[in-house]
Amino acid sequence: MKKIFLFLLLGFTAIGQQTANKPDRVNWFQDLGFGMFIHWNVDVSLGAVISHSMAGASDEYVNKYIKELPSYFNPEQFKPKDWAKLAKLAGMKYVVFTAKHHAGFAMFNTKTTTFNVMNTPFKRDVTKEIVEAFRAEGIAVGLYFSPDDFYYLHTHKQPIGRAQDPAHYPKTNPGLMEYDKAQLKELLTQYGKIDILFIDGPGDGLREHAWSINPDLVITRDAMKTPEQTTPNAALPRPWEACYTMGTDWQYKPTNDPQKSGTTVINMLAEIRAKGGNFLLNVGPKPNGEIQIEQEAILGEIALWNFAYSEAIYAVKPMPIIKEEGVWYTQSNDEKYIYAFILRASPDDWKYGERKNFVLSNILGNEKTTVETLGYKGELVEYKQDFDAKTYVTASPLGLTISAVNGQRFYTNNKWPNAVVLKIANAKGRLPQADKTKQSSMDGAK
């Protein structure tokens, strides 16, 4: 009985079927911290929401989608090696690519359907090329897979939609289940060992099938919380992953699509890591295969920030208290270091070359506590003579008092607007305290 209980605890049934991610693989995934999501589908030439325009559409629309759109897919500027280098420079440790979205168009070489990328003018297995390019950069490889398949539903004269009909669930649609299983087998055996699988839809029967092929596979959506376009108000039990677009849509949208600023995305990264989550940030390549310039620029700004401060976002976990005014915290897994993300409202908030004093009330230090600014030596500020650029720290019961200089120059005009990260050694986070204050009820006391 004890052996069976241990088996179940580790994520297996009593008959040996794996039912959960392996704990060591979950730990590995959590330490990656930051990944690139890539949404790309046969309808990219329309600039519409990916796949969903088929749901509820007329037969004429769906037939036109299936018959005509593949003829437009010919991304002559597709250079996945450039995508991978951009992701690596931005500090992304894993990628998740839409091998098959809800439309059912396979962006890989498959024997299950003719509705796939090999039957386009491009005639290349884009999934294979993306996997190889990112793997060559040392980036963990993940694939997005939709159990929902609008093409399959349409060709089998079943209503197109999501979570509205028994036909939409593989467990109650045997034909769809076998179809999905065959495609998953191709994806998990044709491209070397896949690290991550994002099942965007009902995964009963499919997740177990995937683990039977690759027990080390980390399944994110369907096996953990993956909030979309939102971040929880507090730290969640790990693991979890926040998925965000840079603009308003997942796939390329040529109009009406304002993009987030680089500073906004960097602050989101700090917040999500402080709350114990991974950050999966999306790009939507253009029909010609290029990453749109606005999104490339955001990744470039993240790359510059991450080049100095990346230590604070990998192999870290939440602090007992994750935030105080204007500051997010993470700590290294071994708890040797605390990282304080000092947010800035504008470039004039802690200007370049300026000293600023902080009281971090949630950090308890001692006589051995040290503080440094990641990426900055704390000795000189360019062009300033006889300037004291050292960092000073004093510990007290009220917290940690720090005096530091923002002395690393990133922009010619000295208007770098992004968070600065302090690395604190030999300190610990204050534990949350219950408020034991009692309010007198006597007249006049309120």
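All figures in this text were calculated on a predicted structure; none of them were measured in a lab. (Residues numbered from 1 in each chain as written. Predicted model: local features only at pLDDT ≥ 70, side-chain atom pairs only at ≥ 80, totals over all residues. Heavy atoms only, no water.)

## Describing the overall build of the protein
For the protein, the helix and strand inventory stands at 10 helices and 18 strands. For 446 residues, the compact-globule estimate of 2.2 N^0.38 gives 22 Å, and the protein sits close to it at 25 Å. Overall, the protein is about 75 × 60 × 50 Å in size when its C-alpha atoms are taken along their principal axes. When burial is assessed residue by residue, the protein has 52% of its 446 residues classed as buried. Of the contacts formed within the protein by residues at least 6 apart in sequence, a portion of 69% connects residues at least 24 apart. Total accessible area on the protein is roughly 20700 Å²; 53% of this is exposed by carbon and sulfur atoms. (Helix = DSSP H or I, 4+ residues; strand = E, 2+ residues; numbered from the N terminus. Rg over C-alpha atoms; globule rule 2.2 N^0.38 Å. Buried < 20%, exposed > 50% of the residue type's maximum accessible area, 1.4 Å probe, protein only. Contact = heavy atoms within 4.5 Å. Areas by Shrake-Rupley, 256 points an atom, 1.4 Å probe, with all protein chains shown as cover.)

## Quick notes on the nonpolar core
With 94 residues, the main nonpolar core has Phe134, Leu299, Trp305 and Leu360 as its most contacted residues. Grouped together as the second largest cluster of nonpolar side chains are 20 residues, Ala106, Phe108, Leu188 and Ile219 included. (Core = buried A, V, L, I, M, F, W, Y, C linked by side-chain atoms within 4.5 Å.)

## Thoughts on the pairing of strand E6 (residues 241-244)
Residue alternation in E6 divides its side chains into two sets, Glu241 and Cys243 and Ala242 and Tyr244, and both sets are buried. Inspection of the sheet shows E6 paired to strand E7 (residues 278-283) by four bridges, in the parallel sense. Paired with Cys243 across the strands is Leu280, a residue of E7. Taken together, E6, helix H9 (residues 262-274) and E7 constitute a β-α-β crossover, and its handedness is right-handed. (Pairing = 2+ DSSP bridges. Right-handed = clockwise from strand over helix to strand, strands pointing away.)

## As for the layout of surface pockets
If you add up the space inside the largest pocket, you get close to 190 Å³. Lining the largest pocket are Gln77, Lys79, Asp82, Trp83, Leu86, Gly289, Glu290, Ile291 and Glu296. With three residues, helix H4 (residues 80-89) is the single largest residue contributor to the lining of the largest pocket. The residue inventory of the lining of the largest pocket, partitioned by class, reads three nonpolar, two polar and four charged. (1 Å grid on protein atoms, 1.4 Å probe; cavity = no way out; pocket = protein on both sides within 12 Å on 5 of 7 lines; lining within 4 Å. Points joined across faces, edges and corners; volume = space filled by probe spheres on them. Nonpolar A, V, L, I, M, F, W, Y, C, P; charged D, E, K, R; others polar.)

## What about the pairing of E7?
Judged by how many residues are buried, E7 sits mostly within the fold: six of six residues are covered. Neither face of E7 is open: one carries Asn278, Leu280 and Asn282, the other Phe279, Leu281 and Val283, and all of them are buried. Across five bridges, the pairing between strand E1 (residues 34-38) and E7 is parallel. Among the inter-strand pairings, Phe34 is bridged to a residue of E7, identified as Phe279.

## Focus on H9
Between its first and last C-alpha atoms H9 spans 18 Å; for 13 residues at 1.5 Å apiece the expected length is 18 Å, and the two agree. The element H9 is largely enclosed, with a buried count of 10 among its 13 residues. Along H9, the residues classified as buried are Gly262, Thr263, Val265, Ile266, Met268, Leu269, Ala270, Ile272, Arg273 and Ala274. Residue Gly276 follows H9 closely and has a positive phi angle near 90 degrees. (Expected span 1.5 Å × (residues − 1).)

## Here we look at empty space enclosed by the protein
Scanning the model with the defined rule gives one cavity of 30 Å³ or more in all. Taken as a whole, the largest cavity spans an internal volume of roughly 60 Å³. Arg344, Tyr352, Asn406, Gln408, Arg409, Phe410, Tyr411, Asn414, Lys415 and Trp416 together form the lining of the largest cavity. For the lining of the largest cavity, the per-class residue count stands at four nonpolar, three polar and three charged.

## What about the sheet that holds E7?
The strand order E5-E4-E3-E2-E1-E7-E6 describes an open sheet built from seven strands, whose pairing is parallel. Each having just a single partner strand, strand E5 (218-219) and E6 make up the two edges of the open sheet.

## Looking at the confidence of the model for the protein
Mean pLDDT for the protein: 95, with 96% of residues reaching 70 or above. Ranking the elements of the protein by mean pLDDT puts helix H1 (residues 2-9) last, at 53, and strand E2 (residues 94-100) first, at 99. (pLDDT = per-residue confidence, 0-100.)

## Observations concerning the UniProt feature "domain: Glycoside hydrolase family 29 N-terminal" (unreviewed entry) in the protein
When the UniProt feature table is mapped onto this chain numbering, "domain: Glycoside hydrolase family 29 N-terminal" (unreviewed entry) sits at residues 25-306. This span, residues 25-306, is 34% helix and 12% strand, and a straight line between its end C-alpha atoms measures 25 Å. (UniProt positions renumbered as here; feature names shortened; annotations may be inferred.)

## Digging into unusual backbone geometry
Here Arg238 and Pro239 are connected by a cis peptide whose omega angle stands at 5 degrees. Structurally, Pro239 can be placed in the loop between E5 and E6. The backbone of Asp222 shows a phi angle near 95 degrees, a positive value even though the residue is not glycine. Here the phi dihedral of Asp386 falls at roughly 55 degrees; this positive angle occurs in a residue that is not glycine. Within the secondary structure, Asp386 is located in the loop between strand E14 (370-373) and strand E15 (392-396).

## Examining the pattern of salt bridges
If the charged atoms of two oppositely charged side chains come close together, the side chains can form a pair. Counted under the stated rule, the structure contains 25 salt bridges. Close ionic contact of Asp149 with Lys100 constitutes a salt bridge, the shortest N to O distance being 2.8 Å. Linking Asp149 in the loop between strand E3 (140-145) and helix H6 (150-155) with Lys100 in strand E2, this pair joins segments that are 49 residues apart in sequence. One exposure class covers both Asp149 and Lys100, and it is buried. Where Glu228 meets Arg221, a salt bridge forms, and the shortest distance between an N and an O atom there is 3.0 Å. You can call Glu228 partly exposed: its relative accessible area is 40%. Note on Arg221: relative accessible area 13%, which makes it buried. Several salt bridges converge on common partners, so that one network encompasses Lys171, Asp204, Arg207, Glu208 and Asp222. (Salt bridge = Lys/Arg side-chain N within 4 Å of Asp/Glu carboxyl O.)

## Notes on the packing of aromatic side chains
Tallied over the full model, the rule gives 22 aromatic pairs. Ring geometry for Phe37 against Phe198: centres 5.1 Å apart, planes inclined by 50 degrees, an arrangement best described as tilted. One end of the pair, Phe37, is in strand E1; the other, Phe198, is in strand E4 (residues 196-199), and 161 residues separate them in sequence. The residues Phe37 and Phe198 share a single accessibility class, namely buried. Each ring, one from Trp350 and one from Phe358, has its centre 5.0 Å from the other, and the planes form 70 degrees; the classification is edge-to-face. Across the pair, Phe358 and Trp350 agree in class, each one buried. Connected via pairs of aromatic rings, a cluster forms that spans Trp40, Phe73, Phe78, Trp83 and Phe122. Positioned above the aromatic ring of Trp28 is the side chain of Arg25, whose terminal nitrogen or guanidinium carbon lies 4.1 Å from the ring centre. Stacked on the ring of Tyr337, the Lys or Arg Lys423 has its end atom at 4.2 Å from the ring centre. (Phe/Tyr/Trp six-rings, centres within 6.5 Å; stacked < 30°, edge-to-face > 60°. Lys NZ or Arg CZ within 6 Å of the ring centre and 35° of its normal.)

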